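Survey of secondary and tertiary structure
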Amino acid sequence: MDRVLIVSADMGEGHNATGRALEDAVKRLWPQATVGWIDALEVMGPGIGPLFRRIYVANVQKTPLLYEFFYRLVWRFGWFAVAAKRFSGAWCGRLLAQRVAEFQPDLVLSTYPMATAGLEWLRRRGRLDAPIGAWVSDFAPHPFWVYDRIDLNLVMHSVAVTPALRSVPRATVKVSAPPVRAAFRPGDRDTARQRLGLPLDAFVALVSCGSLGFGDAGTTAAELLAAHPAVVPVVVCGRNEALQRKLRQFAEHEPRLHVLGWTDRMPEFTLAADVVVTNAGGATGLEALACGRPVVMHRPIAAHGKANARLMAKAGLALVCERDGELADAVRALILEPGRLKAMAEAATRHCESATSLEDGLRALASRPHRTPARPLRPEDALFLQVHTPEVPQQVGAVLVFSPKPDGSVLTREDAAYLFAATPGLNMRLMPGGVWRRPKWQERTVSAEDVLTEVDVSHGGVAVEFDTAMDQAMDEFFSIGVDPAEPCQGRLVVGIEGGQAALLIKLHHAASDGMAVIGALVGRMRGQRPLDAPTSGKTRLSRRSLASAAELARGTWALARAGRAPRPPWNTEIPGPQRHYSRAHLGAADVRAVARRLSTPTTDVVLAVVAEALHRGFGPDAPDRLRVMIPMSMRGTDTFRQLGNHTGAASVDLPLGPMSLRDRVTGTHESLHDQVSAGAPRAGHAVIRAIGVLPNWLHRRLARLVYRGTWFSVIASVLPGARSAVRVDDAILCTVYPVLSLAPGVPVAVGVMTWADRFTVCVTSTVDGADRGDTLAAAVTAAFADLQADSEADPEAG
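Described below are features of the structure shown in this document. In this text the structure is predicted, and so the values were computed from the model without any measurement.

1. Here we look at the overall build of the protein
The number of helices and strands found in the protein is 28 helices and 27 strands. Residue burial in the protein is summarised as follows: out of 798 residues, 58% are buried. Long-range contacts, defined as pairs at least 24 residues apart, comprise 74% of the intrachain contacts of the protein with a sequence gap of at least 6. Summing over all exposed atoms, the protein offers an accessible surface of approximately 32800 Å²; the carbon and sulfur share of this is 53%. Of note, the protein has its 89 positive side-chain charges centred 7 Å away from the centre of its 80 negative side-chain charges.

Have a look at this one:
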């Protein structure tokens, strides 16, 4: 470790004391390391540090109720805490950016909440990839202390883990030994007293209220003196000179009272004490615990002081005295019950010995990988994050069906994990962005085993029929939407008749389109290199992306002229994420033969068959036309092997009225040809890219305006696949079903893929429309059989 950066703040001495302790540990661990310091408040602007210190002192001393109200507010209203953290993080982070970049740290350590907020802001924007650790130098963490994008949030006791995770559930939280200088460690009490000139037989109570000397230390000293004749109070006033003068006048009449100002001998005074009396529980409390000394919290200050007191008492490390006379009673009890005092001291020592040492915490932090900077999502990818909702999650998927191996064994979990490791999105996390900030993706390291589950559908060792197994497995697996933070999941299904196995894969549509998914998996099986990462999210208006201006103008006009989609004769409401998946397949050789006889592209033939199936499914209610959105690849030679979505779309009004099958093929071909030749797919692609450069809130609104059932009623996609056998460890991948997501207000999607000797069909429908999906899939098979028979009977009629 060459360069370590400590980000602290001059807000009292606690945060800097923690920083110095961490610097000492860094020097012990990596003697050659260069340690740099940044004061976050100083960086935030001239006068900010003094202003914040005055506000803090005023809140504690003059308006404690207001301070307490604000503290409770950040706990009670999560949105308020998030908003405040985002504001302070943006403020501090922007101003930290240059200083951090100039230092080029290998490791960053924070001891101040606002500094941590700024560092997380840099991390969110991909401007800081070095591991970041935040040491919470209060015993009780609050929401301003804890952040989920920080690599390690280190709290002071196991009882502090729960409130830390309650404030930020996804944060990584560990327990650290008190971050104090090495001089604060258990030692001999009598030796320390001799050096300091304190009586050996007295009950010494060290009173320290931090460097600012908060609270009424005079009242504290008076109660201690009244508790028992053996009590010797030692009051450290820090930098509070007024308090020091006041107490020295008191000490002139009370010889047992010792009054000190600022001192660098705090380790000795702490060792010399029987108890440490404080009212905040910050650095003073942690130094006491490191020395194995019990803590008494007397009239804890508002907000964090009271929270620290409650949590230290819960851990058995402190007594809390809030009312008049309670401190005297508590001290008398400790004098009369030395066993209780000893138990508290031993609890403090045990805690410090069992907690992660500073050196081990630094080692753990340094071993964490540097995070690759987050990158803006391309507008084509971000679209699917913007339209994603819990009811209509945007995910694509595939069902890969494997035959048994030659020895009769089925595809193993290890085989599946090897293949699944190539899935786009496995090693990324999608971040939706904020009001103005664009969505991004962040690389991460994830093992395929972590997100791949295995299910055995057999009953009592008896294999289950294929369709039954797939119906249950697909409906269950794909009905749970992927989380953008975990955008890729897989499931291996075994226990299917004939020794077959199925690998179900789903990923967030923002990660990639269907072609990339299949391309990555086939490439893995054939030993090809992984697909390339998406290019930068910056929009470049090039000839390649927009074609000619004339084509763009024609396509835009075609989109505008299409207008709203004809209303379909079905319920377009999508009540939830539960889905049903219906399957069918057509012979690939038969489809190509029909296409040759009709002199029509295979894609158009398949879409005409889907149109006929829809006509039959609607029956007498079938409309004359139905608007279908057909995604079309925009991949060129430079993007052919690239992750991400590279598609345009043609919105085609398929002919659904009464007509012959041949006429339906002709009508479908003409409608699709009109849209493609007019440049509609490229124009749609250009529109998606154009709105992607807008502020995030506006992009979300426009994306949800254009990608919904107002403009199309069905999604249909015909995807190319492998035309020859593909194997994984001798298991043949015999069938692949493409799985499409729905769109808001669009309750049906049809995916078709060429694979080996067949065209596979998978119809996605809502659970309420499951019968419609099954009917449509069956009608596809029947319609093609009729079309095939018709073309064979009169091959010259096409």
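2. Things to note about the pattern of salt bridges
Here the idea is simple: oppositely charged side chains can pair when their charged atoms come close. A full pass over the atoms with the stated rule returns 29 salt bridges. Arg 28 is the partner of Glu 359 in a salt bridge, and the nearest nitrogen-oxygen pair spans 2.6 Å. Highlighted residues: Glu 359 in helix H16 (residues 358–366) and Arg 28 in helix H1 (residues 14–29), separated in sequence by 331 residues. Here the salt bridges share partners, and the residues they tie into one network are Arg 378, Glu 380, Asp 381 and Arg 689.

3. A word on the pairing of strand E27 (residues 758–766)
Among the nine residues of E27, eight are classified as buried, and the element is accordingly described as predominantly covered. Of the strand pairs in this sheet, strand E20 (residues 579–587) and E27 are connected by nine bridges, and their pairing is antiparallel. Within E27, the residue paired with Ala 584 across the bridge is Val 761. Hairpin remark: strand E26 (residues 748–755) followed by E27, antiparallel, with two residues in the connecting loop; positive phi at Ala 756, about 55°.

4. Quick notes on the side chain of Glu 120
By the element assignment, Glu 120 lies in helix H6 (residues 113–124). In this structure Glu 120 comes out as buried when scored by relative accessible area, which is 7%. Residues in contact with Glu 120, not counting those within four places in the same chain, are Tyr 147, Asp 148, Arg 149 and Ile 150.

5. Observations concerning the packing of aromatic side chains
Scanning all chains against the criterion turns up 12 aromatic pairs. For the pair Phe 70 and Phe 80, a centre-to-centre distance of 5.7 Å together with 80° between the ring planes defines the contact as edge-to-face. Within this pair, whereas Phe 70 is found in helix H4 (residues 64–76), its partner Phe 80 is found in helix H5 (residues 78–103), the two being separated by 10 residues in sequence. Judged by relative accessible area, which is 39%, Phe 70 ranks as partly exposed. With a centroid separation of 5.0 Å and an interplanar angle of 45°, the aromatic rings of Trp 570 and Phe 618 are classed as tilted. One end of the pair, Trp 570, is in the loop between helix H22 (549–562) and E20; the other, Phe 618, is in helix H24 (residues 602–618), with 48 residues separating them in the sequence. Across the pair, Phe 618 and Trp 570 agree in class, each one buried.

6. Describing a nonpolar patch on the surface
The grouping of Val 435, Trp 436 and Trp 697 at the surface amounts to a nonpolar patch, some 350 Å² of accessible area in total. Residue position: Trp 436 is located in the loop between strand E15 (428–431) and strand E16 (440–443).

7. A word on the nonpolar core
One finds Val 7, Leu 96, Leu 109, Tyr 112, Trp 135, Phe 139 and Leu 362 to be the most contacted residues of the largest nonpolar core, which totals 109 residues. When neighbours within four sequence positions are excluded, Tyr 112 is seen to be in contact with Val 7, Ser 8, Ala 9, Met 11, His 15, Ala 40, Leu 41, Phe 52 and Trp 145. Core analysis: the next-biggest nonpolar cluster, separate from the first, contains 59 residues, Ala 416, Ala 510, Tyr 707 and Val 728 among them.

8. Quick look at helix H28 (residues 770–793)
The first and last C-alpha atoms of H28 sit 35 Å apart over 24 residues, in line with the 34 Å expected at 1.5 Å per residue. Looking at H28, one finds that the buried residues are Ala 770, Gly 773, Leu 776, Ala 777, Ala 779, Val 780, Ala 783, Phe 784, Leu 787, Gln 788 and Ser 791. Residues of H28 that are buried sit in contact with E20, helix H23 (588–598), H24, helix H25 (661–677), E26 and E27.

Cut-offs applied
- Residues numbered from 1 in each chain as written.
- Predicted model: local features only at pLDDT ≥ 70, side-chain atom pairs only at ≥ 80, totals over all residues.
- Heavy atoms only, no water.
- Helix = DSSP H or I, 4+ residues; strand = E, 2+ residues; numbered from the N terminus.
- Buried < 20%, exposed > 50% of the residue type's maximum accessible area, 1.4 Å probe, protein only.
- Contact = heavy atoms within 4.5 Å.
- Areas by Shrake-Rupley, 256 points an atom, 1.4 Å probe, with all protein chains shown as cover.
- Lys, Arg positive; Asp, Glu negative; His and termini not counted.
- Charge placed at Lys NZ, Arg CZ, Asp CG, Glu CD.
- Salt bridge = Lys/Arg side-chain N within 4 Å of Asp/Glu carboxyl O.
- Pairing = 2+ DSSP bridges.
- Phe/Tyr/Trp six-rings, centres within 6.5 Å; stacked < 30°, edge-to-face > 60°.
- Patch = residues over 30% accessible without salt bridge, like charges linked within 9 Å, V, L, I, M, F, W, Y side chains within 5 Å.
- Core = buried A, V, L, I, M, F, W, Y, C linked by side-chain atoms within 4.5 Å.
- Expected span 1.5 Å × (residues − 1).

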